[in-house]
Amino acid sequence: VFLYIRRKNLQRQGFDIYATDWGTPTSSDKDLSLETYAEEYVEYAVEKIKEITGSEKVSLFGYCWGGLFALIYTATHQENVKNLILHATPVDIDKDKTIIENWTSHLDADNLVNVFGNIPGWLVNLAFLFRNPIEAMLKYPRYFSEPRSRDEIIQFFAIETWLYDSTPIIGEVYREIIDQVYRNNLLIKNQMKVGSDIINLKNITVPLLDIVGTNDDLVPPSASTSIINVIGSKDKKLIEFPTGHVGLCVSLAAHERLWPEVGEWIEQRS
């Protein structure tokens, strides 16, 4: 849902938008690595877009952990990247930790992966619910405490369906991100290893747009904004928008103010 809404907004501004579909992983995928996803699979997508459009470079837009994939790909294949847009992406976990980040950094990822193979979607949903159970209980009566139009109700349940339609997370990808990013904070220290590559943010010089939600309780602003001071790009901009993790994508305010600003930034660098 959020991807479709964001995509339509940017398409109306005249941009060609291509989205990756990772599908639903099965047990046979559990050993696929972060290198496979962030370098090889993203590389296939980038090369296909270049083939379709005739462009020499593409702008990468990554949301949350998708931003990690975009960041890793840019660090290893910068010659194919025109602009890098990070959207609520956790890169520095040593700052102000949310409940989710605290839990995640103390998890034994090895045991979880050994037990489940891939991390089940229901486990991800439980973590989201338990980070603020009172809010989860009150959300529905609060929303329906005033009259809502048919379109508002349809959109509300569409977003709710997306929120709790979590697919499994590839076991090895989960293990690598938890151990290297959440537990040891290696990405922001330029020490994260993906395959045979060390991800050095100082080597990234493409224009960077970093978008954070000031009320985000999944990825706090401090976990995202640190990259501005570490990345090697000279052309870099931080947008701090007054909303949460989901509102950063689909809120009315984001449609009216955030996405036009993002589109303007990209247009100036096209």
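Structure first, text after, so check above.
Just so you know, these numbers come straight off a predicted model, no measurement behind them.

Draft legend 1. View of the sheet that holds strand E6 (residues 236-241). The strand order E1-E2-E5-E6 describes an open sheet built from four strands, whose pairing is parallel. Edge positions in the open sheet fall to strand E1 (58-63) and E6, since each of these has one partner strand only. With direction set aside, neighbouring strand axes in the sheet form an average angle of 15 degrees. Inspection of the sheet shows E1 paired to strand E2 (residues 81-87) by six bridges, in the parallel sense. In the sheet register, Gly62 faces E2, and the bridge partner there is Leu86.

Draft legend 2. Structural context of the pairing of strand E5 (residues 208-213). Within E5, six of the six residues are buried, leaving the element largely enclosed by the surrounding structure. Of the two faces of E5, the one holding Leu208, Asp210 and Val212 and the one holding Leu209, Ile211 and Gly213 are both buried throughout. Where E2 and E5 come together, four bridges link them in parallel fashion. Residue pairing in the sheet places His87 in a bridge with Ile211 of E5. Of the strand pairs in this sheet, E5 and E6 are connected by six bridges, and their pairing is parallel. Note on E6: the bridge partner recorded for Ile211 is Ile239.

Draft legend 3. Structural detail: the nonpolar core. Grouped together as the largest cluster of nonpolar side chains are 70 residues, with contacts concentrated most on Leu34, Leu71, Ile177, Leu187, Met192, Leu201 and Leu258. Counting residues per element, this core draws most heavily on helix H3 (residues 65-76), at seven residues. Setting aside anything within four residues of it in sequence, one finds Leu258 in contact with Ile211, Ile239, Phe241, Leu248 and Ala253.

Draft legend 4. Examining the packing of aromatic side chains more closely. A complete count under the given rule lists 15 aromatic pairs for this structure. Measuring from ring centre to ring centre gives 5.0 Å for Tyr143 and Phe144, while their planes differ by 85 degrees; the resulting arrangement is edge-to-face. Accessibility expressed as a relative area gives 15% for Tyr143, which makes it buried. A relative accessible area of 37% places Phe144 in the partly exposed class. One aromatic cluster is present, formed by Trp22, Tyr37, Tyr41, Tyr44 and Phe69 through successive ring pairs. Looking at Arg148, its charged tip hangs above the ring of Tyr143, at a distance of 3.9 Å from the centre.

Draft legend 5. Spotlight on a nonpolar patch on the surface. Nonpolar side chains collect at one region of the surface, where Ile99, Trp103, Val115, Phe116, Trp122, Leu126 and Phe130 lie side by side and expose about 720 Å² of accessible area between them. Counting residues per element, the ones that place at least two in the nonpolar patch are helix H4 (99-106), helix H5 (109-116) and helix H6 (121-130). In terms of residue count, H6 provides more of the nonpolar patch than any other element does, three residues in total. Along the chain, Val115 turns up in helix H5. Taking the relative accessible area as the measure of exposure, Val115 reaches 63% and is therefore exposed.

Draft legend 6. Up close: the pattern of salt bridges. Counting across every chain of the model gives 11 salt bridges. Salt-bridge contacts for Lys50 lead to Glu47; the nearest nitrogen and oxygen are separated by 3.4 Å. Residue Lys50 and its partner Glu47 are located together in helix H2 (residues 34-53), separated by three residues, close to a single helical turn. For Lys50, a relative accessible area of 18% puts it in the buried group. Its relative accessible area of 33% is what places Glu47 among the partly exposed residues. One salt bridge in this structure joins Lys48 and Glu51, with 3.5 Å as the shortest N-O distance. With Lys48 and Glu51 both in helix H2 and three residues apart, this pair spans about one turn of that helix. A residue is classified by how much of its surface remains accessible, and Lys48, at 44% relative accessible area, is partly exposed. Each member of the salt-bridge network shares a partner with another, and the members are Asp110, Glu172 and Arg175.

Draft legend 7. Structural detail: unusual backbone geometry. For Asn185, which is not glycine, the phi dihedral falls at a positive 55 degrees. Counting through the fold element by element, Asn185 comes out in the loop between helix H9 (171-183) and strand E3 (192-194). Overall, the relative accessible area of 2% leaves Asn185 in the buried class.

Draft legend 8. Spatial organisation of helix H8 (residues 150-163). Spanning 14 residues, H8 covers 20 Å between terminal C-alpha atoms, matching the ideal 20 Å at 1.5 Å per step. Burial in H8 covers these residues: Phe156, Ile159 and Glu160. One face of H8 carries all of its buried residues, which in axial projection span an arc of 100 degrees. Summarising the geometry of H8, the exposed residues directed more than 90 degrees from the buried face are Arg150, Asp151 and Thr161. Where the residues of H8 are buried, they touch helix H7 (133-143) and helix H12 (247-250).

About the cut-offs
Residues numbered from 1 in each chain as written. Predicted model: local features only at pLDDT ≥ 70, side-chain atom pairs only at ≥ 80, totals over all residues. Heavy atoms only, no water. Pairing = 2+ DSSP bridges. Helix = DSSP H or I, 4+ residues; strand = E, 2+ residues; numbered from the N terminus. Axes fitted to C-alpha atoms, helices over the stretch in contact; angles between N-to-C directions. Buried < 20%, exposed > 50% of the residue type's maximum accessible area, 1.4 Å probe, protein only. Core = buried A, V, L, I, M, F, W, Y, C linked by side-chain atoms within 4.5 Å. Contact = heavy atoms within 4.5 Å. Phe/Tyr/Trp six-rings, centres within 6.5 Å; stacked < 30°, edge-to-face > 60°. Lys NZ or Arg CZ within 6 Å of the ring centre and 35° of its normal. Patch = residues over 30% accessible without salt bridge, like charges linked within 9 Å, V, L, I, M, F, W, Y side chains within 5 Å. Areas by Shrake-Rupley, 256 points an atom, 1.4 Å probe, with all protein chains shown as cover. Salt bridge = Lys/Arg side-chain N within 4 Å of Asp/Glu carboxyl O. Expected span 1.5 Å × (residues − 1). Arc of directions from axis to C-beta.

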